[in-house]
Amino acid sequence: MGRGTGARAAGEKSAAAALADGDERPDMQTALSFLQQVKRELGTEKFDTFLDVVVQFRCKDIKAEVVVDLVVEMFDAKECLLKGFEKFLPSACRDILPGRLKNNVGQDSSKQNRVKAEEGLTFSDDDGPEESDKLQASGKSAAGKRPHAGASEEHGGQPPQKVARKRGEAGDMDLRPAALSSRSGQGMGKMSEEKMARAQLKNSLPPNKIQENNPKEMQQIWERLEKRVEARVQEIQADPQGWIPSVDIQDILNNTVDESVIQRLKIAGVIKIRRAVDPEEATRMNTNIMADFTSSFGVDPTKPETYSAIYNDLDRKAEPYGGVQQMYYSQAQKDARQHETLTKAREWLNRIWSSVDEQSGEQRILPEVETTYVDRWRHRLPGYSVQTGMKEHMDNGGIGRWHDPAYQQVYRHIMKGDFDKYDPWAVGQRTLTAGDTAFFRSFQGWLALTPQGPGDGTLEVVPMVADAMAYVLLRPFKEDVPHHQFCGVTETSGVDTLEITEKWHGAILKAKIPIGSVDTGDSVWWHPDVIHGVEAEHKGNQYSNVLYIPSAPMCLQNAKYLKKQSQAFLDGKPPPDFPDRMFMERDSWKDAPSSLTLAGRRQMALDPFMEDALSPSEDPEDSARRRELLLECNRIMFPTLFRPASSTSGSRAPKVAVRAEVAANAEVAVEVEVAVTAEGTGEGAGSPASVPKEDKMEGVTSEFPAGEGR
């Protein structure tokens, strides 16, 4: 909404005063005349924004460089306005404008030549999306999963096209006209406010302060980083097939993994675990999920034309990017998530990380207590151009990687140029990042249900986790980046995805390689900071099917999410913040808990983990920290069963009845007698004689029946 007539008149006077504020600049009347010209050329809405920018500049709320960037963008190369504006700039700022105009012209030229014939869309020079073919408006939102919790490597995109194209955008990007036009009500003013806020954020961060106080030091930081990146790229290019480590599941189970494998994993951030699931068992999973898929979606995998039932833009059941399918609770998916061997593999991966915050000494994660993060699966047909790939991106944080106080602590060494001190495997405050549906995945990953390799429309990675992260974080502070811009953060990418583009990140993209060949039952895992994408085309001759299953250690952040996720499971709904597109019969969810093992129910927060889940330790302090963290997590997930110590008194606590829902429709319930005792008393119903050893837990003194305890 534009401002009223009176308010606009007052704003014009304030802006004119700001423009004419200086001995060397035109007078007030000239300023007012210029403002009238701006109003005629731009229209009311953009004019109001221009007034705000000028007034904020006068109040020193934003810097001259930011003002110039914003005004050049608003004036859109209107030479008469730009020349008029230049007269009103302070003399010390007038040398800024010619450089900005040159950059702007160069960007306009590059936009015209950007789109290649085989690509349907690509990233623009301003890191925003640009359409290269007509998109049909569906009138619906993309309903894509938020990037940091979506289908691991592949999420975001655009509707299916009838022409061949390479791949969709990364992140939660709805590029249809209907979605793009939904921003029209915000106007240019809103966009400028966001940019000004980002410019102010950038000004407050350590790299900018280093640049202001000692430009030579910042230059030296960049030179060191570029040398590190270049050296690492050369290592990867010298042996692309052997760079990504691989280990057999038996070595993990027997604790015989060679130390060189772990060291390479810590550098690359990626690993393949062979035979994580027996190939015959994985093949059965594939057969079962394909049967569920074809019956629920009404498609015939031997006839790609039948997939129009899925990718029909008027009634879309899935996004075309990467072949991600909106299925969450098929039996094959549940079996894989609770699979004993695959769980052991995930626990091993969790242990690659430190579990204690090195600054506070607090226990952040329990590596040995693995949980379930419900995600979707990928089914990609060979030669089916409607299913696109995915451009390179990084999940688990967009602008938050610079803005979030927890991430600022995680990356504090990088932001100061102390690369050698940064440890990407130190958990730090990663489990304290903001967001109602935030979830810490120690590794993103998938289980292969079919053989696949390079050319089969599968995963590509930039396997140098620490150096690439440093480059991404510091790239916005180079002189060629506009003051308001954080490279990779766009207006459409969502808050939790960074787009990695050739323009800003070409040096590290030289290290991009395919994941390599995997067989049925193999699994692939990558650090949450690893840059990854999906091949544009599937040129193979069989399905490329994977189940998305990350590593998810127990922590306070994950406990909060698991509580919401378990209720969604019982209700027959998608997990928190996932698209509400479930096409299997709702009745099939009524017996969902009974299809899980005890381990599966605990991983889904339907039953609590007890002390037997914790690894033994000879360090009493370590044991106490782990025990307390597990108790706190259980209190979050099961507040009725695990009460704080202050909620009970005396040596013996009263028994309480807990209703445990075991069906989505809540028609079946069981009364469970649970005795809750004060912590540390060791008396009453909590005595060892009344509690089985494997289920003994402080605060709870009952063995839970299978499928109950919620």
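Now for a description of the structure that goes with this document. Worth saying up front: this structure is predicted, and the values here are computed from it rather than measured. (Residues numbered from 1 in each chain as written. Predicted model: local features only at pLDDT ≥ 70, side-chain atom pairs only at ≥ 80, totals over all residues. Heavy atoms only, no water.)

Turning next to the overall build of the chain. Across its full length, the chain holds 24 helices and 19 strands. Per-residue burial over the chain gives 57% buried out of 710 residues. Nonlocal contacts in the chain, meaning residues at least 24 apart in sequence, comprise 78% of its contacts between residues at least 6 apart. With the model as given, the accessible surface of the chain reaches about 28,800 Å², and the carbon-plus-sulfur share is 48%. (Helix = DSSP H or I, 4+ residues; strand = E, 2+ residues; numbered from the N terminus. Buried < 20%, exposed > 50% of the residue type's maximum accessible area, 1.4 Å probe, protein only. Contact = heavy atoms within 4.5 Å. Areas by Shrake-Rupley, 256 points an atom, 1.4 Å probe, with all protein chains shown as cover.)

This part covers helix α22 (residues 556-570). Here α22 is 15 residues long and its end C-alpha atoms lie 22 Å apart, about the 21 Å a rise of 1.5 Å per residue gives. Gly-572 occupies a position one or two residues after α22 and carries a positive phi of about 70 degrees. (Expected span 1.5 Å × (residues − 1).)

In this structure, Trp-402, Tyr-411, Trp-446 and Met-464 are the most contacted members of the largest nonpolar core, which totals 58 residues. Sort the elements by how many residues they give to this core and helix α20 (residues 465-474) lands first, with 8 residues. Core analysis: the next-biggest nonpolar cluster, separate from the first, contains 46 residues, Ile-273, Tyr-311, Leu-349 and Leu-547 among them. (Core = buried A, V, L, I, M, F, W, Y, C linked by side-chain atoms within 4.5 Å.)

Before going further, it helps to spend a moment on helix α9 (residues 206-213). Of the positions making up α9, those classed as buried are Pro-207, Asn-208 and Ile-210. Along α9, the residues classed as buried sweep out an arc of 160 degrees about the axis, all on the same side. (Arc of directions from axis to C-beta.)

Here the focus is the pairing of strand β9 (residues 389-394). Burial within β9 is extensive, with 6 of its 6 residues counted as buried. One ladder, built from 2 bridges, connects β9 with strand β15 (residues 531-534); its direction is antiparallel. Bridging from a neighbouring strand, His-393 pairs with His-532 of β15. (Pairing = 2+ DSSP bridges.)

So, on to empty space enclosed by the protein. Under the defined criterion, the tally for this structure stands at 5 cavities of 30 Å³ or more. By volume, the largest cavity is sized at about 70 Å³. In this structure, the largest cavity is lined by Tyr-329, Lys-334, Arg-337, Gln-338, Thr-372, Val-374, Phe-569, Leu-596, Gly-600, Gln-603 and Met-604. Taken together, the elements giving at least two residues each to the lining of the largest cavity come down to α15 (331-337) and α23 (598-603). (1 Å grid on protein atoms, 1.4 Å probe; cavity = no way out; pocket = protein on both sides within 12 Å on 5 of 7 lines; lining within 4 Å. Points joined across faces, edges and corners; volume = space filled by probe spheres on them.)

A word on the sheet that holds strand β4 (residues 246-248). One open sheet holds the 7 strands; their spatial order is β4-β5-β14-β10-β16-β8-β6, and the pairing between them is mixed. Sheet topology places β4 and β6 (324-325) at the edges, where each strand pairs with a single neighbour. One ladder, built from 3 bridges, connects strand β10 (residues 444-448) with strand β16 (residues 544-548); its direction is antiparallel. Bridge pairing in β16 places Leu-447 opposite Leu-547. Of the strands in this sheet, β6, β8 (377-380), β10 and β16 are in contact with helix α14 (residues 279-297), which crosses β8 at around 80 degrees. Helix-sheet contacts for helix α16 (residues 340-350) involve β5 (270-274) and β14 (523-526), and the interaxial angle to β5 is about 150 degrees. (Axes fitted to C-alpha atoms, helices over the stretch in contact; angles between N-to-C directions.)

The N-to-C vectors of α20 and helix α21 (residues 502-509) enclose an angle of 160 degrees; their axes lie 10 Å apart at closest approach. Comparing their axes, α21 and α20 come out roughly antiparallel. Seen along the crossing, α20 lies across α21 with a hand that is right-handed. Seen from α20, the contacting residues are Ala-468, Tyr-471 and Val-472; seen from α21, they are Trp-504, His-505, Ala-507 and Ile-508. (Parallel < 35°, antiparallel > 145°, perpendicular 65-115°, else oblique. Left-handed = near helix turned anticlockwise from the far one by under 90°.)

This next bit is on the pattern of salt bridges. According to the stated counting rule, one finds 23 salt bridges in the structure shown. Ionic pairing is found between Glu-358 and Arg-412, a salt bridge with its closest N-O pair at 3.6 Å. Residue Glu-358 is located in the loop between α16 and β7 (366-370), and its partner Arg-412 is located in helix α19 (residues 412-415); the two are separated by 54 residues in the primary sequence. Of the residues examined, Arg-412 reaches a relative accessible area of 18% and is grouped as buried. The structure contains a network of salt bridges with shared partners spanning Arg-228, Arg-232, Glu-235, Asp-420 and Asp-467. (Salt bridge = Lys/Arg side-chain N within 4 Å of Asp/Glu carboxyl O.)

This paragraph deals with unusual backbone geometry. Even without glycine at this site, Asn-255 takes up a positive phi of about 60 degrees. Within the fold, Asn-255 resides in the loop between α12 (249-253) and α13 (259-268). Its identity is not glycine, yet Arg-275 carries a phi of approximately 55 degrees, on the positive side. Structurally, Arg-275 is set in the loop between β5 and α14.

This part is about the environment of Glu-226. With respect to the helices, strands and loops of the structure, Glu-226 is situated in helix α10 (residues 215-238). Taking relative accessible area as the criterion, Glu-226 reaches 33% and is therefore assigned partly exposed. In the structure, Glu-226 is positioned 282 residues away from Ile-508 in sequence and 9.4 Å away in space, judged by C-alpha atoms.

Considering all chains together, one arrives at 20 aromatic pairs under this definition. Arranged with centres 5.5 Å apart and planes meeting at 75 degrees, the rings of Tyr-328 and Phe-578 form a pair that is edge-to-face. Of the two residues, Tyr-328 sits in the loop between β6 and α15 while Phe-578 sits in the loop between α22 and α23, which places them 250 residues apart along the sequence. For the pair shown, Tyr-328 and Phe-578 are each scored as buried. Across the ring face of Phe-477, the terminal group of Lys-202 is positioned such that the distance to the ring centre comes to 6.0 Å. Across the ring face of Tyr-407, the terminal group of Arg-401 is positioned such that the distance to the ring centre comes to 5.3 Å. (Phe/Tyr/Trp six-rings, centres within 6.5 Å; stacked < 30°, edge-to-face > 60°. Lys NZ or Arg CZ within 6 Å of the ring centre and 35° of its normal.)

By the secondary structure assignment, Arg-401 is in helix α17 (residues 400-403). For Arg-401, the residues in contact, after removing those within four places along its chain, are Met-394, Asp-395, Asn-396, Tyr-407, Tyr-411, Met-469, Leu-473, Leu-498, Pro-528 and Asp-529. Polar contacts involving the side chain of Arg-401 include one to the main-chain carbonyl oxygen of Asp-395, which spans 2.4 Å. (Polar contact = N/O pair within 3.5 Å; in protein donor to acceptor, adjacent residues only side chain to side chain.)

Inspection of the entire model under this criterion finds 0 disulfides. Looking at the unpaired Cys-555, the closest cysteine sulfur is the one in Cys-633, lying at 6.5 Å. (Disulfide = S-S within 2.5 Å.)

What follows deals with the side chain of Lys-272. Tracing the backbone shows Lys-272 in strand β5. The side chain of Lys-272 sits in the buried core without any salt bridge; Asp-522 is the nearest counter-charge, 7.5 Å away. In this structure, Lys-272 is in contact with Ile-244, Pro-245, Ser-246, Val-247, Ile-515, Gly-516, Ser-517, Val-518, Ser-523 and Val-524, ignoring residues within four places of it in sequence. (Lys, Arg positive; Asp, Glu negative; His and termini not counted.)

For the rest of this paragraph, the subject is the pairing of β16. Of all 5 residues in β16, 5 are buried; the element is thus mostly enclosed. Where burial is concerned, the two faces of β16 agree: the one with Ser-544, Val-546 and Tyr-548 and the one with Asn-545 and Leu-547 are both buried.

This paragraph deals with the packing of α22 against helix α24 (residues 620-637). Two numbers describe how α22 lies on α24: the axes approach to 8 Å, and their chain directions differ by 25 degrees. Here α22 lies roughly parallel to α24, going by the angle between them. When you trace α22 past α24, the crossing you get is right-handed. From α22, Leu-556, Ala-559, Lys-560, Leu-562 and Lys-563 reach across to α24, where they touch Leu-629, Glu-632, Cys-633, Ile-636 and Met-637.

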